[in-house]
Amino acid sequence: YKTVPEMKAIREGNDLRAEVLKNAELLEGSVRNTGVHAAGIIIAPDDLTEYIPLATAKDSDLLVTQFEGSVIEEAGMLKMDFLGLKTLTIIKDAIKMIKARHGIEIDPDKIPLDDVKTYELYQRGETNGTFQFESVGMQKYLKELKPDKFDDLIAMNALYRPGPLEYIPNFIRRKHGLEPIEYDIPDMEEYLKDTYGITVYQEQVMLLSQKLANFTKGDADVLRKAMGKKQKDVLDKMKSKFLDGCHANGHDLKKAEKVWTDWEAFAAYAFNKSHATCYSVVAFQTAYLKAHYPAEYMASVLTHNMSNIEKVSFFMDECKRIGVPVLGPDINESGIYFEVNKEGQIRFGLGAVKGTGEAAVESIISERNENGPFTSFFNFSERVNLRTVNKKTFECMAYAGAFDCFPEIHRAQYFHVPNGDTTNLIEKAIKYGNACKNEKNNSQASLFGGAGQSEMIPEPKVVDCEPWSDIVKLKFEKDVVGFYISGHPLDQFKLEMENFCTCSVGKVMEYKNREINIAGIVSKVNVRQSKNGKSFVLFSIEDYDDTADMALFGEDYLKHAHFIKPGEFLFIRGKVQNRFGNPDMWEFKPIHFQLLADVREKMCKNILLSLDVKKLSSDLISDLEKHFADHPGNCGVKVFLSDPSENIHIETFSRKYKVSPNNTLLDELKKLDGVNYKILA
């Protein structure tokens, strides 16, 4: 930022700035940092050390060179990018599970690219878990595009990226005949017809340059490289050659100029069709497997995302949405990873339970495979290798529900210590298992020993105790797995959250300067004191998707502190406003607290039933009256009768019944054919 004379004067002045400038001059042109290419492999005709300098990579045995990719190619080496895709392993493992369960051998390379069921999946935008097409924006465009041929998927793969994204609406409208397909030069139709007149691929530019301007194949390839690497100087040199060629072929120069201008803009996001096609083939294979074998495919997806709790939770929700149950771990059904059982349900893998240990899980599965399923909890403790399967493993399995296949014992009983005793059932079972093994070893050494000697050792007595509530069970599940498996503590309040909440806790900042309602469970509480001795509380509210941190100070703390308890379900009205003393920051300020369990009775004024008159019958009316009589309360009942064929709609209300809008009543209403309900505040 200084002129040369000024810089010289500063250096001669021998001040601090001079030192800075000297150091800057030394740093200029130096390598700031180094990195290893994720997939670049250098190939040479002989030993690489004969051609380029090599070193051993940090944290690896791989050999690397300090030369950059462009320099390597100029030196005569061949640089190839071999990119590993986790998706290929997902496909391979899904195919293994399909063969094991259905006896069907699927060759992914022979999956028909005109499969109707797969295109229906794309048309519905149900692409979560598939390759390349699973983003929310892509799903939106797929629903609008309604792809019915493979070329549509290739084009969307190439268009859905910064730059060409703006052409997607035109592409969709042209496909459905809502916008005319136009070509700047009629001869362009031959190569742009498949993409409805929109230039999408580098290959189209190469072919058009040859057709319109007599470019050689070599010239066309130079043009492709210049576009791919955004070499504007090369493109500028080729422009005159293109215009001359177009003029020689009798094309309008103004239109040729426009085509070239469009191509220059296209250079910023040029994409090759071969690349988009390969990715679309892999994507289609994943969509095919999800459409035809959803359980096996999603089990494979879950397995290969086990290290990411958020992704596992997301894909479990996707399984629920498409009607594939994901069950908790089971000592008799689970493998190490996610697998599909005989009923077509996905079973949680034992290897995903924290604290079990890989060796312990492998030992359990090996014993089960060799000698059959475990018949009881004590049979399990008697058979497994207790040097590998330790107390911690037992506890984590019990917390996760892996022993729920033994219905005679509920989860609380494994940890219950009876009065006058000092050990729980797990500790007793381990002692029993060790005793059985010792007895068996002794009997083998004895002349009169027999295989049934262990039966002489009585099984520990299971003492009855109060079962854990669903919330307690779910809490322990989350502790050992990282998320809730068999449900969510907020499931019982789903109606309140859907009907009375403005948004999820993660989206409160979208409602600046507005009062909103949110709900969730208190997950963290930290009561502290300020410098002047006044108490305040920092706490977190968690719902299905997100967690929000909040605070209460002064009078607000004194007024609402009794609500802030770990595990409490709260309904909070508050306002998103500027933080005190910092107008550039926003915060959610709680104003009113209410127990979530009280919200339905207080805020639900009416239930609106929508009935189709064609499905109305005396039996349906009798069922409704019975359910209303079984659940009396203070909530009114409104009825909306409709006959779509006659365009008749009538709204009325019940003078006879007022109901309690509890979950039991609402579940009964869901089962009635032709009845839909809505909660009115």
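Our subject is the structure listed above.
Conventions adopted
- Residues numbered from 1 in each chain as written.
- Predicted model: local features only at pLDDT ≥ 70, side-chain atom pairs only at ≥ 80, totals over all residues.
- Heavy atoms only, no water.
- Helix = DSSP H or I, 4+ residues; strand = E, 2+ residues; numbered from the N terminus.
- Rg over C-alpha atoms; globule rule 2.2 N^0.38 Å.
- Buried < 20%, exposed > 50% of the residue type's maximum accessible area, 1.4 Å probe, protein only.
- Contact = heavy atoms within 4.5 Å.
- Areas by Shrake-Rupley, 256 points an atom, 1.4 Å probe, with all protein chains shown as cover.
- Lys, Arg positive; Asp, Glu negative; His and termini not counted.
- Charge placed at Lys NZ, Arg CZ, Asp CG, Glu CD.
- Core = buried A, V, L, I, M, F, W, Y, C linked by side-chain atoms within 4.5 Å.
- 1 Å grid on protein atoms, 1.4 Å probe; cavity = no way out; pocket = protein on both sides within 12 Å on 5 of 7 lines; lining within 4 Å.
- Points joined across faces, edges and corners; volume = space filled by probe spheres on them.
- Nonpolar A, V, L, I, M, F, W, Y, C, P; charged D, E, K, R; others polar.
- Salt bridge = Lys/Arg side-chain N within 4 Å of Asp/Glu carboxyl O.
- Patch = residues over 30% accessible without salt bridge, like charges linked within 9 Å, V, L, I, M, F, W, Y side chains within 5 Å.
- Pairing = 2+ DSSP bridges.
- Axes fitted to C-alpha atoms, helices over the stretch in contact; angles between N-to-C directions.
- Parallel < 35°, antiparallel > 145°, perpendicular 65-115°, else oblique.
- Left-handed = near helix turned anticlockwise from the far one by under 90°.
- Disulfide = S-S within 2.5 Å.
- Expected span 1.5 Å × (residues − 1).
- Phe/Tyr/Trp six-rings, centres within 6.5 Å; stacked < 30°, edge-to-face > 60°.
- Lys NZ or Arg CZ within 6 Å of the ring centre and 35° of its normal.

Would you explain the overall build of the chain in this entry?
A count of helices and strands for the chain gives 27 helices and 16 strands. Relative to a compact globule of 681 residues, whose C-alpha radius of gyration would be 26 Å, the chain shows 34 Å and is clearly more extended. Taken across its 681 residues, the chain has 40% of its residues classed as buried. Taking all contacts inside the chain whose residues are at least 6 apart in sequence as the whole, residues at least 24 apart take part in 61%. Of the accessible surface of the chain, which amounts to about 38300 Å², a share of 51% is contributed by carbon and sulfur atoms. For the chain, the distance from the average position of its 87 positive side-chain charges to the average position of its 100 negative side-chain charges is 4 Å.

Honestly, the nonpolar core in this entry has me stumped. Any pointers?
Most often, soluble globular proteins keep nonpolar side chains buried together rather than apart. The biggest cluster of nonpolar side chains holds 66 residues, and the ones touching the most others in it are Leu 289, Leu 302 and Ile 346. Examining the composition of this core, we find that 9 residues originate from one element, helix H14 (residues 273-292), more than from any other. The residues contacting Ile 346, other than those within four sequence positions of it, are Ala 295, Met 298, Ala 299, Leu 302, Cys 319, Val 324, Pro 325, Val 326, Leu 327, Phe 338, Glu 339 and Val 340.

Just checking my understanding: could you explain the layout of surface pockets for this structure?
Considered as a void within the structure, the largest pocket measures approximately 1100 Å³ in volume. Surrounding the largest pocket, 31 residues form its lining, Ser 313, Phe 314, Asp 317, Tyr 544 and Asp 545 being those nearest its centre. Breaking the lining of the largest pocket down by element, the ones donating at least two residues are helix H16 (309-321) and strand E5 (326-327). For the lining of the largest pocket, the leading source of residues is H16, giving 9 residues. Of the residues assigned to the lining of the largest pocket, the class counts are 11 nonpolar, 8 polar and 12 charged. The calculated volume of the second largest pocket comes to roughly 930 Å³. Where the lining of the second largest pocket is concerned, the elements lending two or more residues are strand E1 (40-43), strand E2 (55-56), strand E3 (63-64) and helix H3 (69-74). The element contributing the most residues to the lining of the second largest pocket is E1, with 3 residues. Residues of the lining of the second largest pocket, tallied by class, amount to 16 nonpolar, 9 polar and 3 charged.

I would appreciate a short explanation of the pattern of salt bridges in the present structure.
Within the structure shown, the criterion is met by 37 salt bridges. Taking the shortest distance from any N to any O, the salt bridge between Lys 258 and Asp 184 comes out at 3.4 Å. With Lys 258 in helix H13 (residues 253-266) and Asp 184 in the loop between helix H8 (168-175) and helix H9 (189-192), the pair connects residues that are 74 residues apart, well separated along the chain. By relative accessible area, Asp 184 is classed as partly exposed at 24%. A salt bridge links Arg 224 to Asp 221; the nearest nitrogen and oxygen atoms lie 2.9 Å apart. One end of the pair, Arg 224, and the other, Asp 221, are both in helix H11 (residues 217-228), 3 residues apart, so they sit about a helical turn from each other. Take Asp 221: its relative accessible area is 27%, and that puts it in the partly exposed class.

What should I look at first to understand a nonpolar patch on the surface in this one?
A cluster of nonpolar side chains, Ile 41, Ile 43, Leu 78, Met 80 and Phe 82, forms an exposed patch at the surface whose accessible area comes to about 440 Å². Looking at the nonpolar patch, the elements with two or more residues in it are E1 and strand E4 (78-81). Along the chain, Leu 78 turns up in strand E4.

I'm lost on the sheet that holds strand E10 (residues 547-552) in this one. Help?
Backbone-to-backbone hydrogen bonds pair the strands of a sheet. The strands run either parallel or antiparallel. Taken together, 5 strands build an open sheet; the order of strands is E10-E9-E8-E11-E12 and the sheet is antiparallel. Either end of the sheet is taken by a strand with one partner, and the two such strands are E10 and strand E12 (582-595). Each neighbouring strand pair of the sheet contributes to a mean axis angle of 45°, computed without reference to strand direction. Judged from the 7 bridges that link them, strand E8 (residues 515-529) and strand E11 (residues 569-579) form a sheet pairing that is antiparallel. Counterpart to Gly 520 in the pairing with E11 is Leu 570. The strands touched by helix H25 (residues 596-603) are E8, E11 and E12; relative to E12, the strand with the most contacts, the crossing angle is about 75°.

Mind showing me how you'd approach unusual backbone geometry here?
Residues other than glycine predominantly adopt negative phi, and peptide bonds predominantly adopt the trans conformation. Here Lys 146, not a glycine, exhibits a phi torsion of approximately 55°, which is positive. With respect to the helices and strands, Lys 146 occurs in the loop between helix H6 (136-145) and helix H7 (150-159). Not every positive phi belongs to a glycine, and Asn 214 is a case in point at roughly 60°. Residue placement: Asn 214 occurs in the loop between helix H10 (202-213) and H11.

Can you help me understand the packing of helix H19 (residues 391-400) against helix H22 (residues 470-481) in this one?
A pair of packed helices is captured by two measures, namely the crossing angle of their axes and the spacing between those axes. Running from N to C, H19 and H22 cross one another at 130°; their axes reach a closest spacing of 8 Å. In terms of axis orientation, H19 runs oblique to H22. When you trace H19 past H22, the crossing you get is left-handed. Two secondary-structure elements touch here, H19 through Cys 396, Tyr 399 and Ala 400 and H22 through Phe 476, Glu 477, Val 480 and Val 481. Class assignment of the residues belonging to the contact of H19 with H22 gives a composition of 6 nonpolar, no polar and 1 charged.

So what exactly am I meant to see when it comes to empty space enclosed by the protein here?
In this approach the atoms are scanned with a rolling probe the size of a water molecule, which exposes any empty space left behind. In this structure the tally under the stated criterion is 1 cavity of 30 Å³ or more. In terms of lining, the largest cavity is formed by Gln 413, His 416, Pro 418, Thr 423, Asn 424, Leu 425, Lys 428, Lys 461 and Val 463. Residue composition of the lining of the largest cavity, by class: 3 nonpolar, 4 polar and 2 charged.

How do you make sense of the state of the cysteines when you look at a structure like this?
A complete count under the given rule lists 0 disulfides for this structure. Looking at Cys 501, it has no disulfide partner, and the nearest cysteine sulfur is the one in Cys 503, 8.1 Å off.

Just checking my understanding: could you explain H22 for this structure?
Because each turn of an α-helix spans 3.6 residues, side chains separated by three or four positions in sequence point in the same direction. An ideal rise of 1.5 Å per residue puts 16 Å on 12 residues; H22 measures up with 16 Å between its terminal C-alpha atoms. Where H22 is buried, its residues contact H16, H19 and helix H20 (411-415). Once H22 ends, the next one or two residues include Gly 482, with phi positive near 110°.

I'm lost on the packing of aromatic side chains in this one. Help?
Here the distance between the centres and the angle between the planes together describe a pair of aromatic rings. Applying the stated criterion across every chain, the model contains 35 aromatic pairs. With a centroid separation of 5.2 Å and an interplanar angle of 35°, the aromatic rings of Phe 242 and Trp 260 are classed as tilted. With Phe 242 in helix H12 (residues 232-248) and Trp 260 in helix H13, this residue pair connects regions lying 18 residues apart in the sequence. When sorted by exposure, Phe 242 lands in the same class as Trp 260, which is buried. Between the aromatic rings of Phe 536 and Phe 553, the centroid separation amounts to 5.1 Å while the plane-to-plane angle is 25°, which identifies the pairing as stacked. In this pair, Phe 536 is assigned in strand E9 (residues 535-542) and Phe 553 in the loop between E10 and helix H24 (554-560), connecting sequence segments 17 residues apart. Judged by relative accessible area, Phe 536 falls into the buried class, the value being 12%. You can call Phe 553 partly exposed: its relative accessible area is 48%. Members of the aromatic cluster, connected to one another through ring pairs, are Phe 374, Phe 377, Phe 378, Phe 380, Phe 394, Phe 403, Phe 406, Tyr 414 and Tyr 432. A cation sits over an aromatic face here: Lys 241 above Phe 215, 5.7 Å from the ring centre.

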